[in-house]
Amino acid sequence: PAKHPVARVARPFLYWLFHSCRLFGYAAWGPVLLKFQPKLVLTALVAYATVMHQKWWQQLCHQALGLGASRRHRIVNEVPEQIDPKRKYLWCLHPHSVLMDGWHSLIAADPTAFEGPTGPTEIGRPIKLCFAPIIKRVPVHQEMYRERCGSADAKSIVECFKTDVDPALAPGGFSESVFANSAEKEVEYAYLKGRSGFVRLAIQNKVDIVPTYSFRASRMYYNPSVLRGARARFSQQYFAGLVMPMGWLGTAMPLTDRTTTVVFPPFPTSQYTEDQVWDAHAAYLVHLKHWFDHYKERFGMRGVRLEFVGKDFVDEDPLARVLRATGIMKAEKPAPLVQSKL
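Residues numbered from 1 in each chain as written. Predicted model: local features only at pLDDT ≥ 70, side-chain atom pairs only at ≥ 80, totals over all residues. Heavy atoms only, no water.

## Points about the overall build of the chain
Short version of the rule: Under the DSSP-based scheme used, a helix requires at least four consecutive residues in state H or I and a strand at least two consecutive residues in state E, with every element numbered from the N terminus. With the radius of gyration taken over C-alpha atoms, the globule rule is written as 2.2 Å times the number of residues to the power 0.38. Three labels apply to residues, based on accessible area from a 1.4 Å probe with only protein chains included: buried if under 20% of the type maximum, exposed if over 50%, partly exposed otherwise in between.
What the chain contains, in helices and strands, is 12 helices and nine strands. Over its C-alpha trace the chain gives a radius of gyration of 20 Å, about what one expects of a compact globule, namely 20 Å for 342 residues. Dimensions along the principal axes, computed over C-alpha positions, put the chain at roughly 60 × 60 × 40 Å. Counting only residues that meet the buried cut, the chain has 52% of its 342 residues in that class.

This is the structure:
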């Protein structure tokens with residue numbers, strides 16, 4: 001935490017700025033400024049494009065915004081001995097929450113998270129985040145992740161396996177972000193049904209999966225729970241999360257900063273063959289749920305159950321029922337999902 005008087009005074013503003021920009025708050029007031037001050041906006045955009053990939057700029061922004069990142073976010077790794085430093089792994093980050101909120105807050109508070117050979121705190125090895133392609137090009141995100149942020153397509157991940165950096169992705173994707181809601185106190189949703197691509201990649205490259213789970217990250221923002229299934233399917237198809245996050249007093253500042261990201265024991269995908277992808281996928285879900293249940297009470301989610309959902313999720317909220325009754329929205333026909341033999 002900042003000790004300098006100026007830094008302490010600036011922290012509340014930087015806290016708001018960090019979360020506002022992290023959730024693309026500038027998209028709201030950018031068009032307004034462009035209308036009234038077009039020359040100023042265009043000059044700023046050109047200047048930013050000039051410096052955005054300069055290391056000094058990235059470090060400066062990371063350190064400045066890091067002053068505003070809460071120190072309540074924690075990361076816990078109680079299984080470092082199970083992660084072999086000589087092997088490659090695929091890191092899977094759960095849940096996606098609104099926008100990887102727990103992970104991003106942790107990284108913001110650690111300016112060296114994506115520099116050097118150790119990677120983020122408690123991970124002990126460098127990782128590269130494989131997200132939507134646009135993330136590595138937008139303000140705040142690219143300053144945090146720098147060159148260790150790429151696309152989540154199979155080719156990019158396979159190329160990462162050939163380096164000394166482990167790839168990390170969020171299997172739930174933007175579809176899962178739709179289900180993140182601070183008002184949901186009994187169920188934690190994981191949009192993993194029917195999603196076996198990450199498991200297949202791990203099997204094909206003979207690597208194990210290391211899951212991490214950010215407990216209470218889905219409670220950082222209120223996100224209306226209407227038409228979740230429809231919005232999730234749209235988000236999956238068009239790679240854009242249809243979320244409406246609302247934090248403290250309706251701002252981008254989160255409702256809680258008390259999250260804990262826990263590293264779970266590795267899952268042995270390397271022991272499966274390609275014709276066992278769905279068996280491995282089913283076993284991975286069991287593994288994830290087991291360790292979620294193991295840690296949930298300790299990290300503030302007592303009594304919460306982890307539920308796996310997918311394309312077959314049927315909306316039953318009042319708005320969905322009205323839209324179906326009036327014929328505006330067709331009745332959902334649950335999409336067939338391949339079932340594991342396990």
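## Notes on the packing of aromatic side chains
Here is the rule: Geometry of aromatic contacts follows a simple scheme: Phe, Tyr and Trp rings, the Trp one being its six-membered ring, pair when their centres are within 6.5 Å, and the pair is stacked under 30 degrees between planes, edge-to-face over 60, tilted otherwise. We call a charge positioned above a ring when the Lys NZ or Arg CZ atom is no farther than 6 Å from the ring centre and deviates by at most 35 degrees from the ring normal.
If you walk through the whole model with that rule in mind, you get 23 aromatic pairs. Ring centres of Phe 264 and Tyr 295 lie 5.8 Å apart, and the angle between their planes is 5 degrees; this geometry places the pair in the stacked category. With Phe 264 in the loop between strand 8 (260-263) and helix 11 (277-295) and Tyr 295 in helix 11, this residue pair connects regions lying 31 residues apart in the sequence. Grouping residues by exposure puts Phe 264 and Tyr 295 together as buried. One aromatic cluster is present, formed by Tyr 213, Phe 215, Phe 264, Trp 291, Phe 292, Tyr 295 and Phe 299 through successive ring pairs. Looking at Arg 22, its charged tip hangs above the ring of Phe 18, at a distance of 5.9 Å from the centre.

## Focus on helix 9 (residues 197-204)
How we decide: It only takes one pair of heavy atoms within 4.5 Å for two residues to be counted as in contact.
Considered for burial, the residues of helix 9 that qualify are Phe 198, Val 199, Leu 201, Ala 202 and Ile 203. In this structure, the buried residues of helix 9 make contact with strand 2 (89-94), helix 7 (154-161), strand 5 (166-169), strand 7 (208-215) and helix 11. Note on helix 9: the residue one or two positions beyond its end, Lys 206, has a positive phi of about 55 degrees.

## A look at the side chain of Glu 188
Basically, it comes down to this: Just so you know, the count uses Lys and Arg for positive and Asp and Glu for negative, and it drops His and the chain ends. The salt bridge definition used is simple: a Lys or Arg side-chain nitrogen within 4 Å of an Asp or Glu carboxyl oxygen.
Take Glu 188: it is sitting in strand 6 (residues 187-191). Although Glu 188 is buried, it forms no salt bridge, and the closest oppositely charged side chain is Arg 219 at an N-O distance of 5.8 Å.

## So, the nonpolar core
Basically, it comes down to this: The nonpolar core is taken to be a set of buried Ala, Val, Leu, Ile, Met, Phe, Trp, Tyr and Cys residues, with the residues joined through side-chain atoms within 4.5 Å.
Within the largest apolar cluster, 39 residues are counted, with the highest numbers of intra-cluster contacts made by Trp 91, Ile 107, Ile 127, Leu 129, Met 144 and Tyr 145. Elements with a minimum of two residues in this core: helix 1 (5-22), strand 2, helix 5 (101-108), strand 3 (127-131) and helix 6 (141-145). In terms of residue count, the dominant contributor to this core is helix 5 (four residues). Those residues in contact with Trp 91 that sit more than four places away from it in its chain are Ile 83, Ile 123, Arg 125, Ile 127, Asp 166, Pro 167, Ala 168, Leu 169, Val 210, Thr 212 and Val 263. Counting residues in each nonpolar core, the second largest holds 35 residues, with Ala 202, Phe 215, Phe 292 and Phe 299 among its members.

## A word on the sheet that holds strand 5
The criterion, for reference: We call two strands paired when DSSP finds no fewer than two bridges between them. In this analysis, axes come from line fits to C-alpha atoms, helices being fitted only over the stretch in contact, and the angle between any two N-to-C directions falls in the range 0 to 180 degrees.
Across the sheet, seven strands lie side by side as 1-8-7-2-5-3-4; this open sheet has mixed pairing. Taken across any chain shown, the strands that pair with only one partner, and hence form the sheet edges, are strand 1 (74-77) and strand 4 (149-151). Direction aside, the axes of adjacent strands within the sheet are offset by 25 degrees on average. Looking at chain direction, strand 1 and strand 8 are connected through four bridges and run parallel.

## Some details on the confidence of the model for the chain
So the rule is basically this: Residue-level confidence of the predictor is summarised by pLDDT, bounded by 0 at the bottom and 100 at the top.
Residues of the chain with pLDDT of at least 70 account for 94%, and the chain-wide mean is 89. Throughout residues 337-342 the model reports pLDDT below 50, and contacts reaching past four residues in sequence, or to other chains, amount to 11 contacts.

## Structural notes on unusual backbone geometry
Put simply, His 94 and Pro 95 share a cis peptide bond, and its omega is -20 degrees. We note that Ser 97 has phi near 50 degrees; this positive angle belongs to a residue other than glycine. Mapped onto the elements, Ser 97 comes out in the loop between strand 2 and helix 5. Overall, the relative accessible area of 1% leaves Ser 97 in the buried class. We note that Val 140 has phi near 75 degrees; this positive angle belongs to a residue other than glycine. For Val 140, the location among the structural elements is in the loop between strand 3 and helix 6.

## Considerations on the pairing of strand 8
By the alternation rule, side chains of strand 8 split into Thr 260 and Val 262 and Thr 261 and Val 263, which are all buried. Direction of pairing for strand 7 relative to strand 8: antiparallel, over a ladder of four bridges. Residue pairing in the sheet places Thr 212 in a bridge with Val 263 of strand 8.

## What about the pattern of salt bridges?
Inspection of every chain in the model, using the stated rule, returns 13 salt bridges. Arg 298 is the salt-bridge partner of Glu 78, the closest N and O atoms lying 2.5 Å from each other. Taken together, the residues Glu 78 in the loop between strand 1 and strand 2 and Arg 298 in the loop between helix 11 and strand 9 (305-309) connect sequence positions 220 residues apart. Among the salt bridges present, the one from Lys 193 reaches Asp 312, with a minimum N-O distance of 2.8 Å. Of this pair, Lys 193 sits in the loop between strand 6 and helix 9 while Asp 312 is found in the loop between strand 9 and helix 12 (318-325), placing the two residues 119 residues apart along the sequence. Taking the relative accessible area as the measure of exposure, Lys 193 reaches 28% and is therefore partly exposed. When salt bridges with common partners are traced through the structure, they connect Lys 88, Arg 125 and Asp 166 into a single cluster.

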